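# Coordinate analysis (summary)
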Number of protein chains: 2
Amino acid sequence: MGRIAKFGREDMARAALELAAERGPQAVTVAAIAAAIGAPTGSIYHRFDSREELLAEIWMDVVESFQRGFIERLATASDIDGAAAAACFMAEWVRGHLREARLLLLHHRRDFVSGKWPPSLVERAATLEPAMGAALGGFAKRAFGRADREIIARVRFALLDAPFGGIKPYVQENKAAPRELDAMVSATVRAVLGGIAR
Amino acid sequence: MGRIAKFGREDMARAALELAAERGPQAVTVAAIAAAIGAPTGSIYHRFDSREELLAEIWMDVVESFQRGFIERLATASDIDGAAAAACFMAEWVRGHLREARLLLLHHRRDFVSGKWPPSLVERAATLEPAMGAALGGFAKRAFGRADREIIARVRFALLDAPFGGIKPYVQENKAAPRELDAMVSATVRAVLGGIAR
DNA sequence: CTCGAATTAGAACATAAGTTCTAGAACCAT
DNA sequence: ATGGTTCTAGAACTTATGTTCTAATTCGAG
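Residues numbered from 1 in each chain as written. Chains lettered and ligands numbered in written order. Predicted model: local features only at pLDDT ≥ 70, side-chain atom pairs only at ≥ 80, totals over all residues. Heavy atoms only, no water.

### Some remarks on the protein's contact with DNA strand C
- The immediate surroundings of DNA strand C are formed by 24 residues, with Val30(A), Tyr45(A), Arg51(A), Ser43(B) and His46(B) found nearest.
- One of the backbone N or O atoms of Gly2(A) is found 3.4 Å from a base oxygen in DNA strand C.
- Measuring from a phosphate oxygen of DNA strand C, one finds a backbone N or O atom of Phe7(B) at 3.0 Å.
- When contributions to the surface near DNA strand C are tallied by element, the ones reaching two or more residues are helix H3 (41–47) of chain A together with helix H3 (41–47) of chain B.
- Take the surface near DNA strand C: its biggest share by element is 5 residues, from H3(B).
- Taken together, the residues that form the surface near DNA strand C break down as 9 nonpolar, 10 polar and 5 charged. (Near = heavy atom within 4 Å. Polar contact = N/O pair within 3.5 Å; in protein donor to acceptor, adjacent residues only side chain to side chain. Helix = DSSP H or I, 4+ residues; strand = E, 2+ residues; numbered from the N terminus. Nonpolar A, V, L, I, M, F, W, Y, C, P; charged D, E, K, R; others polar.)

In structure tokens form, the structure reads like this:
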């Protein structure tokens, strides 16, 4: 029933992701997306209510993709070695998802979801922070027997923030993180989490 | 000769910095700057050739301000302890310059200088990377007797990238970095630079 | 005091980009 | 075939924003 669609949500989202990764979120105009897939601008609005919704969706997809992998890796960790492996996950993920990494590491949520969210995304977004908090807390409990604020701060620094800082310069130059970074990240994990009593 | 000016470059730059820090670069419209200081929009153009030039200038001011302090601190360092002190500089700087920090740590150069630079700024910009490279290289030479690519990578990670990663989440929430971060940053420095033979 | 220059003041203009609208085409069920 | 539906196609509309323009104002110099 109805004419067959030439342009789907996926095509548009993919084009938008490429534009955002290569030239930044402000380059993701409706006209640019349309041009990238050879569609008229109006067709975008047959698939998305607004540019906002499209951008929010690609952002959420990327965040979920990373977080799912990271949490999965962390779930099997219960000691410093496991933590080091989880800390290296970001660098590995970047090697396989450079475009997505450029969204996640080089920009803000605000650049993609700057106003009213589509309700479906509100739901997805609401689970993100709790899920990450639970994953970090669970690891802390397994590895150190407790998950107080100070331990969580250390774990977050060692497993997420410091690796992010190390990786960002490479992503910015459109390169994957080099292997030698893994050694530095692991050393950081051992130094920051090593002294914690069980 | 001529009417006395009510609005100077400084007023405009300060207003723009505040806007950028609080609501992001895209909120720094010419109209918003003018409104913030109670000036007509046209007056902005008596002081700056374009919005571009204004944004580029505040960006460059902030980068130079940070880099000057960091390099000064690093210049007195010649061992691991000095390195740890330099690594903590960013967190200290953020405590005293939260607005500036939000520009430097939360955004890209691209958001502020997205095209043709005013010639005066090209000159200032050209010295930034060399100066930072020289500072890091100088420290490496003093502390380890050499400054090859691998050492420099470690120093940059320990003194700049990892601290940046640790600080960013706090700046994002408009908070200064807590003291406990300094301990983690120092531990990172010792772990990453500690094993290097002299 | 008058003239010229720099500035305020704010309207006017130009452009870019998101969104909506109108036509027409393609498809399916009846 | 026909009608309803979903899409393409792209023009038209709207709004936001950078920039320029015109007029009035205020200052110092001669």
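### Here we look at empty space enclosed by the protein
- Inspection of the entire model under this criterion finds 1 cavity of 30 Å³ or more.
- Within this model, the largest cavity holds a volume of roughly 40 Å³.
- If you go around the largest cavity, the residues you meet are Leu105(A), Leu106(A), His107(A), His108(A), Lys168(A), Leu105(B), Leu106(B), His107(B), His108(B) and Lys168(B).
- Broken down by secondary-structure element, the contributors of at least two residues to the lining of the largest cavity are helix H7 (98–106) of chain A together with helix H6 (98–106) of chain B.
- Taken together, the residues of the lining of the largest cavity break down into 4 nonpolar, 4 polar and 2 charged. (1 Å grid on protein atoms, 1.4 Å probe; cavity = no way out; pocket = protein on both sides within 12 Å on 5 of 7 lines; lining within 4 Å. Points joined across faces, edges and corners; volume = space filled by probe spheres on them.)

### Here's the deal with the interface of chain B and chain A
- Contact residues are listed per partner, giving 30 residues for chain B and 30 residues for chain A.
- Summed over both partners, the interface of chain B with chain A buries about 2300 Å², with 56% contributed by carbon and sulfur atoms.
- The tally of links between chain B and chain A comes to 2 salt bridges.
- Glu180(B) serves as the salt-bridge partner of Arg149(A), at 3.3 Å between the closest nitrogen and oxygen.
- When contributions to the side of chain B that touches chain A are tallied by element, the ones reaching two or more residues are helix H1 (9–23), H6, helix H7 (109–112), helix H9 (149–172) and helix H10 (179–193) of chain B.
- The element that contributes the greatest number of residues to the side of chain B that touches chain A is H9(B), accounting for 13 residues.
- For the side of chain B that touches chain A, the class distribution of residues is 12 nonpolar, 8 polar and 10 charged. (Contact = heavy atoms within 4.5 Å. Buried area = accessible area lost by both parts, 1.4 Å probe. Salt bridge = Lys/Arg side-chain N within 4 Å of Asp/Glu carboxyl O.)

### Things to note about the packing of aromatic side chains
- Scanning the entire structure with this criterion turns up 13 aromatic pairs over all chains.
- Here the aromatic rings of Trp59(B) and Phe112(B) are separated by 5.1 Å at their centres, their planes lie at 15 degrees, and the arrangement is stacked. Of this pair, Trp59(B) sits in helix H4 (residues 51–75) while Phe112(B) sits in helix H7, placing them 53 residues apart in sequence. For the pair Trp59(B) and Phe112(B), a shared accessibility class is recorded, and that class is buried.
- Three or more aromatic residues link up through ring pairs in this structure, and these residues are Phe66(A), Phe70(A), Phe89(A) and Trp93(A). (Phe/Tyr/Trp six-rings, centres within 6.5 Å; stacked < 30°, edge-to-face > 60°. Buried < 20%, exposed > 50% of the residue type's maximum accessible area, 1.4 Å probe, protein only.)

### Section: the pattern of salt bridges
- As enumerated under the stated definition, the model contains 28 salt bridges over all chains in all.
- Put simply, Glu18(A) and Arg99(A) hold a salt bridge, and the shortest N to O gap is 4.0 Å. With Glu18(A) in helix H1 (residues 9–23) and Arg99(A) in helix H7, the pair connects residues that are 81 residues apart, well separated along the chain.
- In this structure Glu18(A) comes out as partly exposed when scored by relative accessible area, which is 30%.
- Taking the relative accessible area as the measure of exposure, Arg99(A) reaches 38% and is therefore partly exposed.
- Between Arg146(B) and Asp148(B) there is a salt bridge, with the nearest N and O atoms lying 3.6 Å from each other.

### Re the protein's contact with DNA strand D
- Taken together, the neighbourhood of DNA strand D is formed by 23 residues, with Phe7(A), Ser43(A), His46(A), Val30(B) and Tyr45(B) sitting nearest.
- The sugar-phosphate backbone supplies 66% of the atoms of DNA strand D found within 4 Å of the protein.
- Separating a phosphate oxygen of DNA strand D from a side-chain N or O atom of Arg47(A) is a distance of 3.5 Å.
- Arg51(B) is positioned with one of its backbone polar atoms (N or O) 2.9 Å from a phosphate oxygen of DNA strand D.
- A total of 5 residues in the surface near DNA strand D trace back to one element, the largest contributor, which is H3(A).
- Its residues assigned to classes, the surface near DNA strand D shows 8 nonpolar, 10 polar and 5 charged.

### Topic: the packing of H1(B) against H4(B)
Residues and elements named next belong to chain B.
- Across the interface, H1 lies against H4 with an axial gap of 10 Å and an inter-helix angle of 75 degrees. The angle between the axes of H1 and H4 places the two elements in the roughly perpendicular class. Along the contact surface, H1 presents Arg9, Met12, Ala13, Ala16 and Leu17, while H4 presents Glu53, Leu54, Glu57, Ile58 and Val62.
- For the contact of H1 with H4, the residue count by class is 7 nonpolar, no polar and 3 charged. (Axes fitted to C-alpha atoms, helices over the stretch in contact; angles between N-to-C directions. Parallel < 35°, antiparallel > 145°, perpendicular 65-115°, else oblique.)

### Notes on the side chain of Glu53(A)
Residue and element names in this part refer to chain A.
- The topology assignment puts Glu53 in helix H4 (residues 51–75).
- On the accessibility criterion, Glu53 (13% relative accessible area) is buried.
- From its side chain, Glu53 meets the backbone nitrogen of Asp49 in a polar contact 3.2 Å long.
- When sequence neighbours within four positions are dropped, the list of residues in contact with Glu53 reads Arg9, Phe48, Pro118 and Leu121.

### Details of the domain arrangement of chain A
All names here are of chain A.
- Domains assigned within chain A are domain 1 (6–48) and domain 2 (50–194).
- Listed by partner, the interface residues are 17 residues for domain 1 and 15 residues for domain 2.
- Both faces combined, the contact of domain 1 with domain 2 buries some 1400 Å², and carbon together with sulfur accounts for 68% of it.
- Looking at the side of domain 1 facing domain 2, the largest losses of area belong to Leu17, Pro25 and Phe48, adding up to 41% of the total buried there.
- The tally of links from domain 1 across to domain 2 stands at 3 salt bridges.
- Here domain 1 is connected to domain 2 by 5 residue pairs in polar contact (both at pLDDT 80 or more). (Domains from an automatic or database assignment.)

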